[in-house]
Every structure is written in C-alpha cells, then in structure tokens.
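Architecture at a glance
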Amino acid sequence: MTALHAAPSCAFNINDYILAGEDVSFKLSPNTSGLFEKGCPDTIVIHFTAGSSLESSVNVLTNTDSGVSAHFAVGRNGDIVQMLPTNKIAWHAGESHFEGRSRLNQYSIGIELDNAGQLKKIGNSTYESWFGKEYVKSEVFEAKRKNQHAVTYWHKYSDIQISRTLALCKTLCEHHNISIIVGHEEIAPARKVDPGPAFPLQKFKALLLQTDTNLQVTESLETSSQREAHDQLHRDLASPVKKIANVSANSLNVRKGPDTSFSTIDNGLNKGEVLKVLEKQGDWAKVSFTKVGWVNTAFIHEITEKSPFKSQE
Ligand SMILES: [Zn+2]
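Just so you know, these numbers come straight off a predicted model, no measurement behind them.

Some points on the confidence of the model for the protein chain
Across the protein chain, the average pLDDT comes to 84, with 83% of residues at or above 70. Segment residues 236-242 is flagged for pLDDT under 50; beyond a separation of four residues in sequence, or across chains, it makes 14 contacts in the model. This model gives residues 304-313 a pLDDT under 50, and the stretch forms 27 contacts once residues within four places in sequence are excluded.

Side note on the pairing of strand E15 (residues 140-144)
Pairing of E15 with strand E16 (residues 151-155), which is carried by five bridges, proceeds in the antiparallel orientation. Note on E16: the bridge partner recorded for Phe 141 is Trp 154.

So, helix H5 (residues 201-209)
Across the nine residues that make up H5, a large majority, seven, are buried. Within the span of H5, buried status applies to Leu 201, Lys 203, Phe 204, Lys 205, Ala 206, Leu 207 and Leu 208. Gln 210 sits one or two positions beyond H5 and adopts a positive phi of about 50 degrees.

Thoughts on the sheet that holds strand E6 (residues 72-74)
Here we have six strands laid out as an open sheet, ordered E3-E7-E6-E11-E5-E17, and mixed in their pairing. Of all strands in the sheet, those with a lone pairing partner are strand E3 (24-26) and strand E17 (180-183), marking the two edges. Strand after strand, the sheet turns through a mean of 20 degrees between neighbouring axes, direction not considered. With six bridges connecting them, strand E5 (residues 43-48) and strand E11 (residues 108-113) associate as parallel partners. From the neighbouring strand, Val 45 faces E11, where its bridge partner is Gly 110. Contacts from H5 reach E5 and E17, with the element oriented near 170 degrees to E17.

Some points on the nonpolar core
Counting residues in each nonpolar core, the largest one holds 31 residues, and the members touching the most others are Ile 44, Ile 46, Ile 111 and Leu 168. Mapped by element, the contributors of at least two residues to this core are E5, E6, E11, helix H3 (159-175) and H5. The greatest single-element share of this core, amounting to seven residues, is contributed by H3. Those residues in contact with Ile 111 that lie beyond four places of it in its chain are Ile 44, Val 45, Ile 46, His 47, Phe 72, Val 74, Thr 165, Leu 168, Cys 169 and Leu 172. Formed by 13 residues, the second largest nonpolar core is a distinct cluster that contains Val 254, Ala 285, Phe 289 and Val 295.

Reading guide: rules and limits
- Residues numbered from 1 in each chain as written.
- Predicted model: local features only at pLDDT ≥ 70, side-chain atom pairs only at ≥ 80, totals over all residues.
- Heavy atoms only, no water.
- pLDDT = per-residue confidence, 0-100.
- Contact = heavy atoms within 4.5 Å.
- Pairing = 2+ DSSP bridges.
- Helix = DSSP H or I, 4+ residues; strand = E, 2+ residues; numbered from the N terminus.
- Buried < 20%, exposed > 50% of the residue type's maximum accessible area, 1.4 Å probe, protein only.
- Axes fitted to C-alpha atoms, helices over the stretch in contact; angles between N-to-C directions.
- Core = buried A, V, L, I, M, F, W, Y, C linked by side-chain atoms within 4.5 Å.

What follows is the structure, encoded as structure tokens:
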C-alpha cells in the first residue's frame, strides 16, 4: 500500500470555486440553497446517477423542476461537468444522517458518477438496467453482501471514471477542509444504495483521508489483469489522461499480449465501449477499461477532439 499513499500530482485546479482542467466543463444548475456556512463543505458524498448517460443526468441535475443538483458529474469517458461552484449548497443527499449530523447537503460536495446502478440478470450472461438497456457480463460487477446468499449485479464503473473521480476528490480535499468521504448509501441507508459495491469507496477513504495506514483492501482482485487495472488507476493520478478510444467493431477480442497468439480476456468488448490507450506496439494497443489488455488498433477509433458528450451513447 505504500506506493498508493504517495501524493499524486493533480490534473485539476480550483479557482474561485470553479474546477479547471482538461475535459472539464461547466453547466450551471439553478438548484441551490445558497452559500455554505463557514468551515463547510467538509464532506464529499459519492453517488451514482442510475441514468443512461452523462448528458441526460446533467440535464436532470440542472433542470429547475427536478429539485435535485450536485456539484459534479463524472462521465464514463472521464469527462467532468461542474454544475455549482464549490461554495454553494447542492441538493443531492436528501434526508440523511451521519455522525450526529442531519441533512448533509449543508455540509457536503456531491459527486454523481454516470452509472446504470443495480442491474437485473435476464439471461445467461445478459443483464438489464431499470431503463431497459442491456449489459454483458464484462460490464457487470457481482456482489454478495455480508451474511447474504443472494448475488446482486451492478454496473461497473470505468477505470478512467474512477481515476478522474479520485483526482477530483484529491483536489477538493486540498481546497476545502474535507474530513469525511461517504457514499450516499451510508448517510441514507434506508433509501439509497449508491454508489454501491462496484465503487471502491474504502480505497477512496484510505487514499484521500489517510486514516488507516494498515488498510485491508476489501475488494477481491480476481485476476492479475484486474490488479493491473487497479494499479493503473493510481498511476493515472501522476499523469493526466491522454488518449481515449472507442471500440468500432461490433465485438472486439482483448488479449493478454500484442499478438493473436495470446489468449483472450473475458468475453471481449462491445461496440462503443470507451477505453484508455496506455501504449502501442505495432498494430496493437494496450488499453484499460475495467481490466487491462491488448486490442488490434484496426478495431478501435481514437478520440482526439473531446467534447463533453461525444462518446456518450
Ligand atoms: Zn445518491
């Protein structure tokens, strides 16, 4: 764990309560109850949107009639949209309690991650979100709650989304007196399940608050490729993201090395999935998604010009 505690350099800055950095945009939400009291925000609340895209979620969070808002939304391609300056109160936590305090909105920054949320298994390796979109096994995180036998299914976060969120939280911690990082489910357990078991919340707390130097990493890293993806997450903090690509083939094999002689990982990738390009060797690119592997560059489309919602569905 020692390496993970090394202070990463930040890709972001906050000037006058507004985030600046690559692939960061701003769309003001009218849904605020004004300025925080002195000393606040001191808390970050992590959410998932349970929505179908970053754009649709930002539309809701900035709509006068919705009655909800958040400071930031993080897309699956790593794009960040800020909707309120960090000195203003947003409406994301609702009825909530934590360590003797209620109504956490008045103390906290809200970060929403584009994620479909809990999924329903509808076939052998097919899963469905509440809004009817289908997902394959590689997009799904299986979880078993303590003392429960039933397995539940959750939409995985993308690597780049997690690493950008981590960098965002790091910047917020540096600019505000953040001492608490919680999931929405922790402050409203009777009502909420976000960000859910697919989000590495304990790791975030350990990395950002450095409260426990002997942290036991609770997520099980099933394969070395998953471990590599996790390690990559932390390397990302040191170097801002440079290259993103979409899968252009209908389905794409991911291999353990840069040649067809290497065995494949998982069930492959679907058209439109967002990847981060880590390195290239000839016709092959090493990419990171929820895992790390090699794909033939003929079947990916590199995105050079990035507008906030371009690679959303
Ligand atoms: Zn929430």
